[in-house]
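Commentary on secondary and tertiary structure
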Amino acid sequence: MAAVGEDEHSLPEKTGPSEEENYEPPPELDMEPQIVTSIPQVPVAAPKPKPRKAPDLPIFERRNWLIHLHYVRKEYDSCKSLIKEQLAESGGMCEYAVYVQALILRQEGKIQESLEMFQTCTLLNPTSAENLKQAARSLFLLARHKAAIEVYNETAKISQRDWEISHNQGVCYMYLRDYAKAKECLKQALAFKRHEISYVMLGKIYLMEGDINSAIEIYKQAVEYSPENPDMLCTLGLLYMQIGQYQKAFENLGNAMTYDATHVKAIMAAGSMMQTHGDFDVALNKYRIAAVKTPESPTLWNNIGMSFFGKKKFVAAISCLKRANYMAPFDWKILFNLGLVHLTMQQYASAFHFLSAAINLRPKMAQLFMLLAVALTHLEDPDNARQAYEQALTLDQKDPGISLNLALYMYNNGQKKEAAKQFKDFEMKMKVLKATNPNAGDPEIQDVASKLAAALQVGDSMLWKQTAQPPAPLPDQNSNTVQSTPSDNLDETEVKKPFGSVPDSGPLPPPPQDPVGDLDGGRGAPTPIIPPYSPYEEDRTGSRLESEPTFHPPPKADSLPPLTGGASFKSGALPPLGYPIASGRTEPPDLDNLPSPPRDSLPSYSEAISEKKKPEMEPAT
């Protein structure tokens, strides 16, 4: 039997762990099959975390919305209490709370305190342009214009092409009277962004320089930008009136009243134009509309008084003018008109009183001294009257009316040689006036000059006999077209324009004139007259844009109410009213023996019912 030996294919007995069992192949040599797929594995999304609590705002910012809400509602007390709590909690580090507190202080008139608060805001946030703007604004309100300009220059480095900065710089330069830089800044502001207020300030600077034509061009651009602004239209109309282009003035004033039928400034200007043409009833209708909005306007009552004066209602005129004088006691134009009305009514003492008050307010107005000389002449004070005439000649060397009045005064006092000398001065001044303006000269002045020349046997040229052209006719109240007369500044075509509820009128009123008597002896001696005078002749800085009293011509001398009873004009006393008796004497009646009233039999009720004839009503005037 063969022995069982070890087969070569048999496995040895396992007596312990062998090296093969302890061998571990490396991962890259792992023989296990790998599953490769073409679709990439999508990473599993991480679970969403639970929502956290909203982040808390910093303690010094969380109440800003409530502070803003109270401020825009103008609840300043609640706003200040919140600001106080906010600043206490934040230690004064809340920028918005400090900003709003500064705005509230400015509203209360505490400008210096508001400036300090805005400076604090600038320290908290030095890159904020709004903080610097508000600080500069406070400096401007404190009239520290140079410091405000410096702050605006620093602000312009942060905020470029800002029209507000350029505009405010222009206003500051205007108050510093540096008009060139002011115009440059305002034009730059308009280049950045067009605003009405920039146009207004730029036009105002041109008016302060006396350049009315440039101001008109600026306001024309403003009207193109804002064609429905009645203030712009009215201002443009007033500027056209100032340079004598009444047709364009009429058009712009009519457009202004189209958009606002109760625009006071336009109504006053249109009413003044109507007074020039003698249409006092329509002017009073206009003033009635303006009185609803401005019943306390002294200018309005002055013009109402002069309208009554033009209608020869002297008592009503004095009443209205004295009401205007009560509202504006230091307005020399109202005192001028009061003196004129009293001169027309031959109340020379009252005229002297008002003219003296006007001279105290305007001591360099030659026409006031001339009127005072007229009053002193009738008050039998020739020495002071002569001094007043000389003072008027000293103040105004170009007015021909002063020389003519002085010539009349000397002629009435028998000084014919000096009267002839003054009359020659009048001729020379009239010749210069006619050379500059052929339509200059008042017909009444020309008429008196002709009579005085004949009395003195002087005056070869007779320049005053050239009659001036009448003013442009008033438009038809039932039509929307205005016919303009040929002139240097007017077009000959029709101008159609919209109207408001009240029609408009023509140019400014001419100056008042004193009634003139005949060149006869005694009481018929010529009375000094008042020459044409423009109240805006000395003030060319644009103040005429404001509502000012206007002057209008008085009625003729023959329209004055006659005074009966043989009273002397020189004495100034009127006789007491008497009761006419058949014999011609004036005695008080016997109250005990008065005749009984007539007893007419009244008709019966049936007769009254059957009566067909009724009294006719007079038409309303």
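Throughout this document, residue positions are counted from 1 along each chain, in the order its sequence is written. Confidence filtering applies because this is a predicted model: local features only for residues at pLDDT of at least 70, side-chain atom pairs given and counted only at 80 or more, and all residues used for totals across whole chains, interfaces and linings. The side-chain quantities take in all heavy atoms of the structure and omit both hydrogens and water.

In the nomenclature of an unreviewed UniProt entry, the chain corresponds to Bardet-Biedl syndrome 4 protein from the organism Mizuhopecten yessoensis. UniProt positions are given in the numbering used here, feature names are shortened, and annotations may be inferred rather than shown by experiment. Quoted verbatim from the Sequence similarities (unreviewed entry) field of UniProt, the annotation for the chain is "Belongs to the BBS4 family."

This paragraph deals with the packing of helix H10 (residues 196-209) against helix H11 (residues 212-225). The interhelical angle for the contact between H10 and H11, taken along N-to-C directions, is 170 degrees, at an axis separation of 8 Å. Classed by the angle they form, the pair H10 and H11 counts as roughly antiparallel. Side by side, H10 and H11 meet where Glu196, Tyr199, Val200, Leu202, Gly203, Lys204, Tyr206 and Leu207 of the first sit next to Ile212, Ser214, Ala215, Ile218, Tyr219, Gln221, Ala222 and Tyr225 of the second. Here the nonpolar group is Ala, Val, Leu, Ile, Met, Phe, Trp, Tyr, Cys and Pro; Asp, Glu, Lys and Arg are the charged ones; every other residue, Gly included, is treated as polar. Considering only residue class, the contact of H10 with H11 consists of 11 nonpolar, three polar and two charged. Axis angles are defined between N-to-C directions and span 0 to 180 degrees, where every axis is a line fitted to C-alpha atoms and, for a helix, only to the segment in contact. For the purposes of this entry, the term helix denotes a DSSP run of H or I that reaches at least four residues, the term strand denotes a run of E that reaches at least two, and both are numbered from the N terminus. Oblique is the label for any angle not covered by the other classes, which are roughly parallel (under 35 degrees), roughly antiparallel (over 145) and roughly perpendicular (65 to 115). A contact between two residues is defined here by any heavy atoms of the two lying within 4.5 Å.

What a helix should span is 1.5 Å times the count of its residues minus one. With 13 residues, helix H12 (residues 230-242) extends 18 Å from end C-alpha to end C-alpha; this agrees with the ideal 18 Å at 1.5 Å per step. Among the 13 residues of H12, 12 are classified as buried, and the element is accordingly described as predominantly covered. Those residues of H12 hidden inside the fold are in contact with H10, H11, helix H13 (246-259) and helix H14 (264-276). What qualifies as a polar contact is a pair of N or O atoms within 3.5 Å, subject to a donor-acceptor requirement within protein and to the restriction that residues adjacent in sequence count only when both atoms come from side chains. Capping of H12 at its N-terminal end is provided by Asn229; its side-chain oxygen lies 3.0 Å from the backbone amide nitrogen of Asp231. Positive phi shows up at Gly244, right after H12, with a value of about 90 degrees. Under the scheme applied here, a residue whose accessible area is under 20% of the maximum for its type counts as buried, over 50% as exposed, and between as partly exposed, the area being computed with a 1.4 Å probe on protein chains only.

Here the UniProt-annotated "repeat: TPR" (unreviewed entry) positions come out as residues 196-229, 230-263, 332-365 and 366-399. Taken end to end, residues 196-229 comprises 82% helix and 0% strand; its first and last C-alpha atoms sit 9 Å apart.

The subject of this paragraph is the pattern of salt bridges. The term salt bridge refers to a side-chain nitrogen of Lys or Arg lying within 4 Å of a carboxyl oxygen of Asp or Glu. A full pass over the atoms with the stated rule returns 14 salt bridges. Note that Lys133 is salt-bridged to Glu130, the shortest N-O span being 3.7 Å. With a gap of three residues between them, Lys133 and Glu130 both fall in helix H6 (residues 129-141), about one helical turn apart. With a relative accessible area of 40%, Glu130 lands in the partly exposed category. Where Lys183 meets Glu209, a salt bridge forms, and the shortest distance between an N and an O atom there is 3.2 Å. One end of the pair, Lys183, is in helix H9 (residues 179-192); the other, Glu209, is in helix H10, with 26 residues separating them in the sequence. The buried category is assigned to Lys183, whose relative accessible area is 17%. Looking at Glu209, the relative accessible area reads 35%, which means it is partly exposed. Overlapping salt bridges bring together Glu130, Lys133, Asp162 and Glu164 as one network.

Here the focus is the packing of aromatic side chains. Aromatic rings from Phe, Tyr and Trp, with only the six-membered ring used for Trp, were paired whenever their centres fell within 6.5 Å, and each pair was classed as stacked if the ring planes differed by under 30 degrees, edge-to-face if by over 60, and tilted otherwise. Summed over all chains, the structure comprises eight aromatic pairs. Ring geometry for Trp332 and Phe336: centres 6.4 Å apart, planes at 90 degrees, overall edge-to-face. One end of the pair is Trp332 and the other is Phe336, both in helix H18 (residues 332-344) and four residues apart, which spans about a single turn. In this pair, the class of Trp332 matches that of Phe336, namely buried. Ring geometry for Tyr389 versus Tyr409: centroids 5.5 Å apart, planes at 45 degrees, classification tilted. Here Tyr409 lies in helix H22 (residues 400-412) and Tyr389 lies in helix H21 (residues 382-395), a separation of 20 residues in the sequence. Residue Tyr409 is classed as buried on the basis of its relative accessible area, which comes to 6%.

Put simply, buried Ala, Val, Leu, Ile, Met, Phe, Trp, Tyr and Cys residues joined by side-chain atoms within 4.5 Å make one nonpolar core. By size, the foremost hydrophobic cluster in this structure holds 137 residues, and its most contacted members are Ile83, Ile304, Leu343, Leu368 and Phe423. For this core, the leading source of residues is helix H20 (residues 366-378), giving 10 residues. Setting aside its immediate chain neighbours within four residues, Leu368 contacts Trp332, Phe336, Leu355, Ala358, Ile359 and Arg362.

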